Amino acid sequence: MNMIIMGPPGSGKGTQAARISENYSIPAVSTGDMLREAIANGTALGREAKSYMDKGELVPDKLVIDIVRERLDEPDAAEGFLLDGFPRSAGQAVALGEMLAVQGKKIDLVLNVALPDEEIIRRLSRRRVCPKCNAVYHLDHRPPAEEGVCDSCGSGIVQRNDDNEETIQNRLAVYRQSSEPLIEYYRKMGLLAEVSGTKPIDEVFGDIAALIEERL
Ligand code: AP5
Ligand code: MG
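Residues numbered from 1 in each chain as written. Chains lettered and ligands numbered in written order. Predicted model: local features only at pLDDT ≥ 70, side-chain atom pairs only at ≥ 80, totals over all residues. Heavy atoms only, no water.

Caption draft 1: Quick peek at the sheet that holds strand β2 (residues 28-30). Spatial ordering of the open sheet is given by β2-β3-β1-β4-β7, a layout of five strands whose pairing is parallel. Of all the strands in the sheet, just β2 and β7 (192-196) have a single pairing partner and so form its edges. Strand after strand, the sheet turns through a mean of 20° between neighbouring axes, direction not considered. In terms of strand pairing, strand β1 (residues 2-6) meets strand β4 (residues 109-114) through four bridges, oriented parallel. Following the sheet pairing, Met3 is matched in β4 by Leu109. (Pairing = 2+ DSSP bridges. Helix = DSSP H or I, 4+ residues; strand = E, 2+ residues; numbered from the N terminus. Axes fitted to C-alpha atoms, helices over the stretch in contact; angles between N-to-C directions.)

Caption draft 2: Region of interest: a nonpolar patch on the surface. Where nonpolar side chains cluster on the molecular surface, the patch consists of Val94, Tyr185 and Met189 and spans about 270 Å² of accessible area. Its place among the elements puts Met189 in the loop between α8 (181-188) and β7. (Patch = residues over 30% accessible without salt bridge, like charges linked within 9 Å, V, L, I, M, F, W, Y side chains within 5 Å. Areas by Shrake-Rupley, 256 points an atom, 1.4 Å probe, with all protein chains shown as cover. Salt bridge = Lys/Arg side-chain N within 4 Å of Asp/Glu carboxyl O.)

Caption draft 3: How the structure looks around the environment of Asp163. Its location among the elements puts Asp163 in the loop between β6 (136-138) and α7 (165-179). The class for Asp163 is buried, based on a relative accessible area of 5%. For the pair Asp163 and Ser51, spaced 112 residues apart in sequence, the C-alpha separation works out to 15 Å. For Asp163, the residues in contact, after removing those within four places along its chain, are Leu124, Arg127, Ile168 and Arg171. One polar contact links Asp163 to Arg127, side chain to side chain, over a distance of 2.9 Å. (Buried < 20%, exposed > 50% of the residue type's maximum accessible area, 1.4 Å probe, protein only. Contact = heavy atoms within 4.5 Å. Polar contact = N/O pair within 3.5 Å; in protein donor to acceptor, adjacent residues only side chain to side chain.)

Caption draft 4: View of the site of ligand 1. The environment of ligand 1 is formed by 36 residues, the closest being Thr15, Glu57, Arg88, Arg127 and Arg171. Interatomic distance of 2.8 Å between a backbone N/O atom of Lys199 and a nitrogen atom of ligand 1. Breaking the shell around ligand 1 down by element, the ones donating at least two residues are α1 (13-24), α2 (31-40), α6 (117-125), β6 and α9 (201-215). Top element by residues in the shell around ligand 1 is α2. It accounts for four residues. Across the shell around ligand 1, the residue classes break down as 14 nonpolar, 12 polar and 10 charged. (Near = heavy atom within 4 Å. Nonpolar A, V, L, I, M, F, W, Y, C, P; charged D, E, K, R; others polar.)

Caption draft 5: Inspection of unusual backbone geometry at higher detail. Between Phe86 and the following residue, Pro87, the backbone shows a cis peptide bond with an omega angle of 0°. Assignment of secondary structure puts Pro87 in the loop between β3 (81-84) and α5 (90-102). Residue Ser25 is not a glycine yet carries a positive backbone phi of 50°. Considering the arrangement of structural elements, one finds Ser25 in the loop between α1 and β2. Look at Ser25 and you get exposed, because its relative accessible area is 65%. Its identity as a non-glycine residue notwithstanding, Asn134 has a phi of 70°, on the positive side. Within the element layout of this structure, Asn134 appears in the loop between β5 (127-129) and β6. Looking at Asn134, the relative accessible area reads 22%, which means it is partly exposed.

Caption draft 6: View of the layout of surface pockets. The space that makes up the second largest pocket amounts to roughly 150 Å³. Surrounding the second largest pocket, Met34, Glu37, Ala38, Asn41, Leu45, Ile67, Glu70, Arg71 and Glu74 form its lining. For the lining of the second largest pocket, the residue count by class is four nonpolar, one polar and four charged. (1 Å grid on protein atoms, 1.4 Å probe; cavity = no way out; pocket = protein on both sides within 12 Å on 5 of 7 lines; lining within 4 Å. Points joined across faces, edges and corners; volume = space filled by probe spheres on them.)

Caption draft 7: Quick look at the state of the cysteines. Under the criterion given, the structure shown has zero disulfides. The closest cysteine sulfur to the non-disulfide-bonded Cys133 is located on Cys150, 3.6 Å from its own sulfur. Look at Cys133 and you get partly exposed, because its relative accessible area is 33%. (Disulfide = S-S within 2.5 Å.)

Laid out in structure tokens, this is it:
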């Protein structure tokens, strides 16, 4: 199954994407993670993307579309994939439709995770991430077993550069302007499923799994 998980910053896309990927054996393709890896590796893409990401602005469509196209060409995406954080603009949605059509593929399900703004701020200000394996933690809701250490790979966990109050506010504004309109775009295509992100992590996953099972 080819899926998209959408929603505002901090709504739980990455957390749920990891669960979906593990349970349904499909790769989770996160443009945010790929861009952060490019920054960590000091590539030309990373150097260009950093200034946008640090401000909470969208990285230009062309750069992001190219990395998604390359990633979806890899063999592990042949039998299904989950896109996290892409598409995020009308141009990206159209480009995705076109690149899948060329391969005789289509999107089967779009999960939209909703969360109120106050809760978004609480979640992002207490989030920690593993810069090595991209595991996501929360100091209250999902702390690592050993303080400051990633459960999965043992690296030190950190706060993301864009998880400060000012940048979070801009990410929310950019989301409303550029990405939220895609909810209607996919609703009109009959692909949208709404998920409430307010419940505990396991319960949100239970709701998502039920929506996926209906379509398998
Ligand atoms: P990206 O990395 O995609 O960030 P985002 O969309 O702002 O979303 P986040 O990753 O912050 O949140 P999330 O929804 O994954 O929540 P999480 O699971 O971590 O993008 C970053 C930047 O990259 C963009 O600003 C842009 O510059 C660039 N970019 C990326 N894609 C792009 C694109 N397509 N085009 C252009 N530019 C692009 O959860 C958050 C916290 O809550 C965690 O601490 C977690 O443990 C906790 N939590 C999760 N679920 C629950 C729950 N149910 N209950 C309690 N706590 C929970
Ligand atoms: Mg994420």
